[in-house]
There are 2 protein chains.
Amino acid sequence: MSKSTPAPSDTPFQKLENQLCFPIYAVSRMLTKAYQPYLQALDLTYPQYLVFMLLWEHTELTVKELGEKLLLDSGTLTPLLKRMEQKQWLSRRRDPRDERSVIISLLPAGRAMQQQACHIPQQMLEKLAMTPAKFEALRLQLQTLLTQLA
Amino acid sequence: MSKSTPAPSDTPFQKLENQLCFPIYAVSRMLTKAYQPYLQALDLTYPQYLVFMLLWEHTELTVKELGEKLLLDSGTLTPLLKRMEQKQWLSRRRDPRDERSVIISLLPAGRAMQQQACHIPQQMLEKLAMTPAKFEALRLQLQTLLTQLA
DNA sequence: ATCTGTTTAGTTGTGCACAATTAAACATTA
DNA sequence: TAATGTTTAATTGTGCACAACTAAACAGAT
């Protein structure tokens with residue numbers, strides 16, 4: 001029939017909008033961009049904000065623990081944490097009981113950041129304009145997918 | 001009551017797992033990683049694969065059109081497309097009728113890539129192990145969210 | 001104590017992602 | 001057509017993200 005085209009570009013699978021990956025990839029970047037005005041006012045990047053959220057909750061965490069929670073490795077975290085250390089937001093020191101580990105601790109300037117950032121989740125929620133039910137449904141589906149992938 | 005702590009870290013909003021953004025950010029990266037074995041075999045990165053999916057469908061697109069479809073700007077696309085040009089997958093030339101635009105065209109090696117990549121969506125689908133219904137539901141929710149954000 | 005294997009961060013190199021700026025080409029209007 | 005404004009890519013600089021590798025510290029076994 002046709003001149004041997006085993007992969008027509010209009011196969012549903014092959015179209016960008018029919019895939020799951022592209023919407024997630026795009027939404028992820030757009031969401032990060034939506035945080036920008038709030039984070040920029042605090043001189044923060046989104047991954048740095050994630051580190052702060054964990055430190056506000058736990059005060060002290062090793063690089064390994066941060067990596068497990070954020071699904072990031074030391075290749076990403078080490079330079080990121082060094083930048084945050086330079087701004088006096090946190091300290092990095094070896095664990096005396098296990099010199100392999102590096103303990104990340106919140107410093108006063110980092111703790112103070114919590115008050116300035118505490119309204120961000122609310123503001124983002126408003127920006128999304130989603131019903132709590134839809135929000136929770138989507139969150140659970142992503143959680144499931146993440147478990148499947150991680 | 002308490003000594004003025006307006007932002008307790010255990011406020012539901014402030015916890016990582018109660019946010020929408022982190023799961024999306026994490027799923028996005030894990031999904032890209034799940035593509036890795038298939039893409040690496042073709043010497044492709046995920047954003048390059050996205051460019052290919054569009055070119056397989058349209059053969060020719062300007063940088064502006066690619067940017068609109070992928071939600072990426074020239075700061076990202078120009079170097080990415082230059083790398084793809086070096087591998088002879090596509091060509092970059094100014095539009096003679098409007099010298100501002102750059103037309104990206106598929107070259108033979110780029111077209112040949114389609115046959116090698118055409119099984120990737122299927123394989124990814126199997127990896128996700130989702131029912132078609134859940135897949136479609138999640139896709140639609142993300143599409144809605146993307147419209148809200150973009 | 002020594003050897004072996006594992007764990008933990010750090011380092012190096014590549015490739016996005018994006019804000020901000022630049023410059024050329026085009027469009028519009030005076 | 002000259003002046004002004006807009007559009008389009010490219011450039012520059014910063015910060016992730018990750019694969020691959022290195023090196024030090026620890027654990028467990030002889």
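Residues numbered from 1 in each chain as written. Chains lettered and ligands numbered in written order. Predicted model: local features only at pLDDT ≥ 70, side-chain atom pairs only at ≥ 80, totals over all residues. Heavy atoms only, no water.

Engineer: Summarise the pairing of strand 2 (residues 90-95) of chain A; cite the residues concerned and give the values.
Structural biologist: Strand direction decides the pairing type here: strand 2 of chain A and strand 3 (residues 98-106) of chain A, joined by 6 bridges, are antiparallel. When the sheet's bridge partners are listed, Asp95(A) is paired in strand 3 of chain A with Asp98(A). (Pairing = 2+ DSSP bridges. Helix = DSSP H or I, 4+ residues; strand = E, 2+ residues; numbered from the N terminus.)

Engineer: Residue-level account of the relation of the copies chain A and chain B, with values.
Structural biologist: It takes a turn of 180° to lay chain A on chain B, together with a shift of 0.0 Å along the axis; the resulting RMSD is 0.0 Å. In short, the pair behaves as if placed about a two-fold rotation axis. The residues that chain A uses at the interface reappear at the interface of chain B in 100% of cases, marking a shared surface. (Least-squares fit on C-alpha atoms with pLDDT ≥ 70 in both. Contact = heavy atoms within 4.5 Å.)

Engineer: Talk me through the protein's contact with DNA strand D; I want residue IDs and the actual numbers.
Structural biologist: Around DNA strand D lies a shell of 27 residues, among which Thr45(A), Glu99(A), Tyr25(B), Ser74(B) and Lys82(B) are the nearest. Counting only the atoms of DNA strand D that lie within 4 Å of the protein, the sugar and phosphate share comes to 82%. Take Gly75(A): an N or O atom from its main chain is 3.4 Å from a base nitrogen of DNA strand D. Within the residue set of the surface near DNA strand D, elements represented by two or more residues are helix 2 (46-58), helix 4 (74-86) and strand 3 of chain A together with helix 1 (21-40), helix 3 (63-70), helix 4 (74-86), strand 2 (90-95) and strand 3 (98-106) of chain B. Of the residues in the surface near DNA strand D, the class split is 7 nonpolar, 9 polar and 11 charged. (Near = heavy atom within 4 Å. Polar contact = N/O pair within 3.5 Å; in protein donor to acceptor, adjacent residues only side chain to side chain. Nonpolar A, V, L, I, M, F, W, Y, C, P; charged D, E, K, R; others polar.)

Engineer: Hey, could you go over the environment of Ala129(A) for me, with residue numbers and the actual values?
Structural biologist: Residue position: Ala129(A) is located in the loop between helix 6 (120-128) and helix 7 (132-149). In this structure, the C-alpha to C-alpha distance between Ala129(A) and Lys87(A), residues 42 residues apart in sequence, is 34 Å.

Engineer: Provide a residue-level description of the sheet that holds strand 2 of chain A, including the pertinent values.
Structural biologist: Residues and elements named next belong to chain A. Strand order in the open sheet made by the 3 strands is 1-3-2, with antiparallel pairing throughout. With partners counted over all chains shown, the strands left at the sheet margins are strand 1 (60-62) and strand 2, one partner each. Averaged over neighbouring strand pairs, the angle between their axes works out to 30° when direction is ignored. Both strand 1 and strand 3 contribute to a ladder of 3 bridges, which runs antiparallel. From the neighbouring strand, Glu60 faces strand 3, where its bridge partner is Ser105. Its contacts with the sheet put helix 4 on strand 2 and strand 3, and the angle it makes with strand 2 is roughly 125°. (Axes fitted to C-alpha atoms, helices over the stretch in contact; angles between N-to-C directions.)

Engineer: So what's going on with the interface of chain A and chain B? Which residues, and what values?
Structural biologist: With 59 residues of chain A in contact, the opposing surface of chain B contributes 59 residues. A combined buried area of about 6000 Å² lies between chain A and chain B, and 70% of that area is made up of carbon and sulfur atoms. Connecting chain A to chain B are 0 salt bridges. For the pair chain A and chain B, the interface holds 9 residue pairs in polar contact (both at pLDDT 80 or more). Within the residue set of the side of chain A that touches chain B, elements represented by two or more residues are helix 1 (21-40), helix 2, helix 3 (63-70), helix 5 (108-117), helix 6 and helix 7 of chain A. Here the side of chain A that touches chain B gets 13 residues from one element, more than from any other, and that element is helix 1 of chain A. For the side of chain A that touches chain B, the residue count by class is 40 nonpolar, 11 polar and 8 charged. (Buried area = accessible area lost by both parts, 1.4 Å probe. Salt bridge = Lys/Arg side-chain N within 4 Å of Asp/Glu carboxyl O.)

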